[in-house]
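# Coordinate analysis (summary)
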Amino acid sequence: MAAIFRKWTVGSVLKSAEKHRLLWFGLTFSTHENPLGIPNAGTPGQDNHRQRLMERGLPKKLPIAGVNQVIVVASGKGGVGKSTTAVNLALAIAANDKSKSVGLLDADVYGPSIPRMMNLAGEPELNKQNLMKPLVNFGISCMSMGFLVDEKSPLVWRGLMVMSAVQKLLRQVAWGPLDYLVVDMPPGTGDTQLSISQNIPIDGAYICMFGAVIVSTPQDIALLDARKGAEMFRKVDVPVLGLVQNMSVFQCPKCGHQTHIFGQDGAKKVAEEMELQVIGDVPLHISIRETSDSGQPVTVSQPDSLQAQAYRSLAKEVVARLPPYKDPLPERKQ
């Protein structure tokens, strides 16, 4: 096994997981204080003690070293094109402004897709500070669990081990300097989403401009879970930048007839109900699928196509909705 991955043995992860034991219970009680509705029979002293334990167990919010702004790409359901959107969003941000440096974090520990889509393989090297160096392609710095384990080997880990792995991907990687870090989240509203959203500060002395982009198809079933994803980020005070309506329409390559396979404008209706905006509309096109599978994303391999233009338009909307970056440690006046 690789030298880097040996540090992530079950023993080391469990040891780290024990440190997060109070964090785990803190998250549980903070989001579901009384899930069964049973009256609390505890005394005020016991309640105060539990509150202190909860506060002590919550993670310390620290900025990611060298990263100015974080954009998480999430969805409530798998199979809606979230990873494809994250990859092309990162590439489109870099294409729109070549002066900006962009990174891409694959936070889907169980099903990493970034190595294949970004045509990257191999083990990350370590720098002098014992931090992993991101792998780079198309000018994007990338990190994924897929670089540390065999592509065909499943990870059979419990929640605390996943949380520890996510911490390492965030904190033990030499990311900087980056203007933007795009995070490809796993589907759902579980441990990884909470770990990331509750570890990165969005206010206070050290500010990381942090926003979430929710991806969904127009299908009613997918939109039900997309709504849950957006509400989760709101509950942990992460700004939701908007919704992306993916696979919105299919155009026949022979006759040009357009068909709304997954429904029409479903994301727009949900966005209106949630007082959000649809900031991207990406068609269902075979070139997006083929270029993603081949490791040549459409934004770089077919930059003049309508599909690439859709991602570049999305990137402009996302960047425009992020507050301007402010250095938390400005230079002192002489």
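In this text the structure is predicted, and so the values were computed from the model without any measurement.

## So, the overall build of the protein
- If you tally the helices and strands in the protein, you get 13 helices and nine strands.
- With 334 residues in all, the protein has 47% of them scored as buried.
- A separation threshold of at least 6 residues defines the contact pool for the protein, and within that pool the share at least 24 residues apart is 76%.

## Regarding unusual backbone geometry
- With an omega dihedral of -5°, the bond running from Gly176 to Pro177 counts as a cis peptide bond.
- By secondary structure assignment, the location of Pro177 is in the loop between α7 (159-171) and β5 (178-184).
- Notably, Asn130 is not glycine yet its phi reads approximately 65°, a positive angle.
- By the element assignment, Asn130 lies in the loop between α6 (114-117) and β3 (135-137).

## Digging into the pairing of strand β4 (residues 140-144)
- Counting buried residues along β4, five of its five residues qualify, which places the element largely inside the surrounding structure.
- Here strand β2 (residues 102-106) pairs with β4 via five bridges, running parallel. Along β4, the bridge assignment pairs Leu105 with Met143.
- By the bridge criterion, three bridges tie β3 to β4 in an arrangement that is antiparallel. Within the sheet, the bridge partner assigned to Asn137 lies in β4 and is Ile140.
- Where β3 folds back on β4, the antiparallel hairpin that results is connected by two residues, among which Phe138 adopts a positive phi of roughly 55°.

## Details of helix α9 (residues 220-235)
- For α9, spanning 16 residues, the distance from its first C-alpha to its last is 23 Å, which sits close to the expected 22 Å at 1.5 Å a residue.
- When we look at burial in α9, the residues that qualify are Ala222, Leu223, Asp225, Ala226, Gly229, Ala230, Met232 and Phe233.
- Directly beyond the C-terminal end of α9, a positive phi value near 65° is found at Asp237.

## Concerning the confidence of the model for the protein
- Of all residues in the protein, 76% attain a pLDDT of 70 or more, and the chain-wide mean is 79.
- Within the protein, no element has a lower average pLDDT than helix α3 (residues 21-31), which sits at 40, and none a higher one than helix α12 (residues 298-301), at 97.
- The low-confidence segment residues 17-39 (pLDDT under 50) makes 22 contacts with residues lying over four places distant or belonging to another chain.
- Under a pLDDT of 50 for its full length, residues 203-207 has, in the predicted model, nine contacts with residues more than four places off or in other chains.

## Notes on the packing of helix α5 (residues 82-96) against helix α13 (residues 306-321)
- As a packed pair, α5 and α13 sit with axes 8 Å apart at the nearest point and diverge in direction by 75°. Here α13 runs roughly perpendicular to α5, going by the angle between their axes. Contact with α5, carried on its side by Thr84, Thr85, Asn88, Leu89, Ala92, Ile93, Ala95 and Asn96, involves Tyr311, Arg312, Leu314, Ala315, Lys316, Val318 and Val319 of α13 and no other residues of that element.
- Across the contact of α5 with α13, the residue classes tally to nine nonpolar, four polar and two charged.

Basis of the calculations
Residues numbered from 1 in each chain as written. Predicted model: local features only at pLDDT ≥ 70, side-chain atom pairs only at ≥ 80, totals over all residues. Heavy atoms only, no water. Helix = DSSP H or I, 4+ residues; strand = E, 2+ residues; numbered from the N terminus. Buried < 20%, exposed > 50% of the residue type's maximum accessible area, 1.4 Å probe, protein only. Contact = heavy atoms within 4.5 Å. Pairing = 2+ DSSP bridges. Expected span 1.5 Å × (residues − 1). pLDDT = per-residue confidence, 0-100. Axes fitted to C-alpha atoms, helices over the stretch in contact; angles between N-to-C directions. Parallel < 35°, antiparallel > 145°, perpendicular 65-115°, else oblique. Nonpolar A, V, L, I, M, F, W, Y, C, P; charged D, E, K, R; others polar.

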